[in-house]
Amino acid sequence: MEHEHILILDFGSQVTQLIARRVRESGVYCEIWPFNSADDEKIKRYNPKGIILSGGPSSVTEENSPKAPQAVFNLNVPVLGICYGQQTMAVQMGGNVESSEHKEFGRAFVEIKKDCALFHGVWEVGSKEQVWMSHGDKVTSIPAGFEVVAISEGAPHAVIANEEKRYYGIQFHPEVVHTPHGAKLISNFTHQVCGCAGDWTMAAFREETIKNIRKQVGDKKVICGLSGGVDSSVTAVLIHEAIGDQLTCIYVDTGMMRAGESEQVVSLFKEHYHIPLIHEDASELFLGKLKGVSDPEQKRKIIGGLFIEVFENCANRIGGADFLAQGTLYPDVIESVSFTGGPSVTIKSHHNVGGLPERMNMKLVEPMRELFKDEVRALGIEMGMPEDFIKRHPFPGPGLAIRIPGEITNEKLEILRKADTIYLEEIKKAGLYDEIWQAFAVLLPVKTVGVMGDGRTYDHVCALRAVTSTDGMTADYYPYPHDFLGRVATRIINEVRGINRVVYDITSKPPGTIEWE
């Protein structure tokens, strides 16, 4: 795409993707490359407006530690080194780094000693500012041309700057939310230092991607597997905007969806967008195959394998399709650097429709490959899709099957749907839905004794789960007021026949997972 862009070289930090998200939030396009996949020629061809060196788990004091390609310092573009990125920049340019006895992990404070372009309008000389540190090494001497502009208790060179070359090194992590003004510092780098205008918008992406889809597809047919989730839904609407009825969507109803979800998907795509849609109700088939199965991995494999079979049968009925559309996102395809320094590609299995493209000799159309999840939602809003649909919480591929530990039955699915509906209704009524990353009910394979009226009951336990997160990689439970939990529990027990006890899961991730299976 013809946009100003920033290059982020990844040295293995677990939060490198957050750097990219902050850069894009400032209206500037960027890409993440492993440091060891970016040779000098490749970087020159990319022609970035600036380069950011990420953090990483290595120590520059070790032999053969990762280094930035020399082209980074030969291109005459601004460079921002973060944590390990600062340290390798300092060493490669003639400074020194040593292991520190005073390590800093977590919240810390930097004292601003001198002004620099990164600080304009954000921090003032003499102030003390909260940041997030995570380092055991520290820069002990800085290269020629640099000066110290901020210090901390454990880092005498917490921020260094060479204003002439436009090189900046910071020991803390501005990309995480625990550095309150970090996003503004990154925006200063992209706009004030690199001179980017900020032309990366969803309106521009929409227009350019539609042109690219038309160019790729021509007059051929496209099939899109519609799960009902945000990614595949936005993908389908964008492709339909590009090529109209050359697109056919296939929605396989496994019977594991939430209450009213299948009806909502079919109504939205068939009646509102008038997108050709095959709605395959395979719920009886899936329930039959899952009968007597309790092991969570076996359940996932059965659902995944059966989905492919049903999808393939539907695709064969359409006939003559040359392309398969998928809602693959940027985090699914970023090459990440492992602790051993080797790049590895991660593709989420639920985005990969088995070996279907190869078996049916189809090519892939993946218009979302450059977007993060929050950008997909923004694109959906840009295209006028219903906001309540776009902002829905994530929903797992196997659906309610992994929210019913143990065997799946129709009776259990109906009980869980009713409880889940009440729970989400109360969350929305309290105005909490957008504060929560994901909320859902789980029907446990446990029955307990209860008393209702004058009678004894022996019914299921329902667990409620709600977490806050930015990316789903780590999560913490949502701290509901007790009166809210009491209200939800009362409604579920009174209105859902088959549940007589409600509990709330307060496990974080890690050590737990967000879903129960």
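Structural data are supplied above this passage.
Rules used throughout
Residues numbered from 1 in each chain as written. Predicted model: local features only at pLDDT ≥ 70, side-chain atom pairs only at ≥ 80, totals over all residues. Heavy atoms only, no water. Salt bridge = Lys/Arg side-chain N within 4 Å of Asp/Glu carboxyl O. Helix = DSSP H or I, 4+ residues; strand = E, 2+ residues; numbered from the N terminus. Buried < 20%, exposed > 50% of the residue type's maximum accessible area, 1.4 Å probe, protein only. Pairing = 2+ DSSP bridges. Axes fitted to C-alpha atoms, helices over the stretch in contact; angles between N-to-C directions. Contact = heavy atoms within 4.5 Å. Core = buried A, V, L, I, M, F, W, Y, C linked by side-chain atoms within 4.5 Å. Expected span 1.5 Å × (residues − 1). 1 Å grid on protein atoms, 1.4 Å probe; cavity = no way out; pocket = protein on both sides within 12 Å on 5 of 7 lines; lining within 4 Å. Points joined across faces, edges and corners; volume = space filled by probe spheres on them. Nonpolar A, V, L, I, M, F, W, Y, C, P; charged D, E, K, R; others polar. Disulfide = S-S within 2.5 Å. Arc of directions from axis to C-beta.

Participant: Account for the pattern of salt bridges, naming residues and giving values.
Facilitator: In the structure shown here, the tally under the stated rule is 24 salt bridges. Salt-bridge contacts for Glu375 lead to Arg24; the nearest nitrogen and oxygen are separated by 2.8 Å. Here the residue Glu375 occupies a position in helix α13 (residues 373-382), and Arg24 occupies one in helix α1 (residues 16-25), the gap between them amounting to 351 residues. Arg24 matches Glu375 in its accessibility class, with the two residues each being buried. It is possible to trace a salt-bridge network through shared partners that takes in Glu425, Glu426, Lys429, Arg487, Arg491 and Glu495.

Participant: With reference to specific residues and values, describe the environment of Pro405.
Facilitator: Mapped onto the secondary structure, Pro405 falls in the loop between α14 (387-390) and α15 (410-429). Linking Pro405 and Leu444, residues 39 residues apart in sequence, is a C-alpha distance of 6.1 Å.

Participant: Report on the pairing of strand β9 (residues 167-170), specifying residues and quantitative values.
Facilitator: The two faces of β9 match: Tyr167 and Gly169 on one face and Tyr168 and Ile170 on the other face are all buried. Alignment of strand β4 (residues 79-82) against β9, held across four bridges, turns out to be parallel. Following the sheet pairing, Val79 is matched in β9 by Tyr167. Across four bridges, strand β8 (residues 159-162) lies against β9 in antiparallel orientation. If you follow Asn162 over to β9, its bridge partner there is Tyr167. Between β8 and β9, which follow one another and run antiparallel, lie four residues, and Arg166 among them has a positive phi close to 65 degrees.

Participant: Summarise the sheet that holds strand β16 (residues 363-365); cite the residues concerned and give the values.
Facilitator: Strand order in the open sheet formed by five strands is β12-β11-β10-β13-β16, and the pairing between neighbours is parallel. Edge strands, defined here as strands with exactly one partner in the open sheet, are β12 (277-281) and β16. Across the sheet, the mean angle separating the axes of adjacent strands is 30 degrees when strand polarity is ignored. Sheet analysis places strand β11 (residues 247-253) next to β12, joined by five bridges and oriented parallel. Among the inter-strand pairings, Tyr251 is bridged to a residue of β12, identified as His279. Running over the sheet, helix α7 (residues 230-243) touches β10 (221-225), β11, β13 (321-325) and β16 and is turned about 160 degrees from β11. Seen against the sheet, helix α10 (residues 296-318) touches β10, β11, β12 and β13 and runs at an angle of roughly 145 degrees to β11.

Participant: Give a detailed account of the nonpolar core, specifying residues and quantitative values.
Facilitator: Among the nonpolar cores identified, the biggest contains 66 residues, and Leu9, Ile43, Leu53, Val72, Val234, Phe269 and Leu379 are the most heavily contacted of them. Setting aside anything within four residues of it in sequence, one finds Ile43 in contact with Leu7, Leu9, Trp33, Ala38, Pro48, Ile51, Pro69, Ala71, Val72 and Leu75. Of all hydrophobic cores here, the second largest spans 48 residues; its members include Ile303, Leu443, Cys462 and Ile499.

Participant: Now, about α15: what can you tell me, with residues and values included?
Facilitator: Taking 1.5 Å per residue, 20 residues should reach 28 Å; α15 reaches 29 Å between its end C-alpha atoms and fits that length. The set of residues buried in α15 consists of Lys412, Leu413, Ile415, Leu416, Arg417, Ala419, Asp420, Ile422, Tyr423, Leu424, Glu426 and Ile427. The secondary structure elements touched by the buried residues of α15 are α9 (283-290), β17 (438-452), β18 (455-468), α16 (482-495) and β20 (499-504). Downstream of α15 by a residue or two, Gly431 has a phi angle that is positive, lying close to 70 degrees.

Participant: Break down the layout of surface pockets for me, citing the residues and quoting the values.
Facilitator: Size it by volume and the second largest pocket reaches roughly 390 Å³. Around the second largest pocket, the lining comprises 15 residues; the ones closest to its centre are Gln264, Arg392, Leu424, Lys428 and Tyr433. In terms of residue count, the dominant contributor to the lining of the second largest pocket is α15 (five residues). Among the residues making up the lining of the second largest pocket, the classes are represented as three nonpolar, two polar and ten charged.

Participant: An account of the state of the cysteines is requested, with residue identities and associated values reported.
Facilitator: In total, this model carries zero disulfides according to the counting rule given. In this structure Cys83 is a free cysteine whose sulfur lies 18 Å from that of Cys116, the closest cysteine sulfur available. By relative accessible area, Cys83 is classed as buried at 5%. Free cysteine Cys314: the closest other cysteine sulfur is in Cys249, separated by 12 Å.

Participant: Quick rundown of helix α8 (residues 261-272)? Include the residues and the values.
Facilitator: Structurally, the α-helix is built with 3.6 residues per turn, so residues lying three or four positions apart point the same way. Its twelve residues place the ends of α8 15 Å apart at the C-alpha level, agreeing with the 16 Å of an ideal helix rising 1.5 Å per residue. Burial in α8 covers these residues: Glu261, Ser262, Val265, Val266, Leu268 and Phe269. End-on view of α8: buried residues confined to an arc of 165 degrees, all on one side of the axis. Opposite the buried face of α8, by more than 90 degrees, sit the exposed residues Glu263 and Glu271. Of the surrounding secondary structure, the elements contacted by the buried residues of α8 are α7, β11, β12 and α14. Just past α8, the residue His274 takes up positive phi, approximately 55 degrees.

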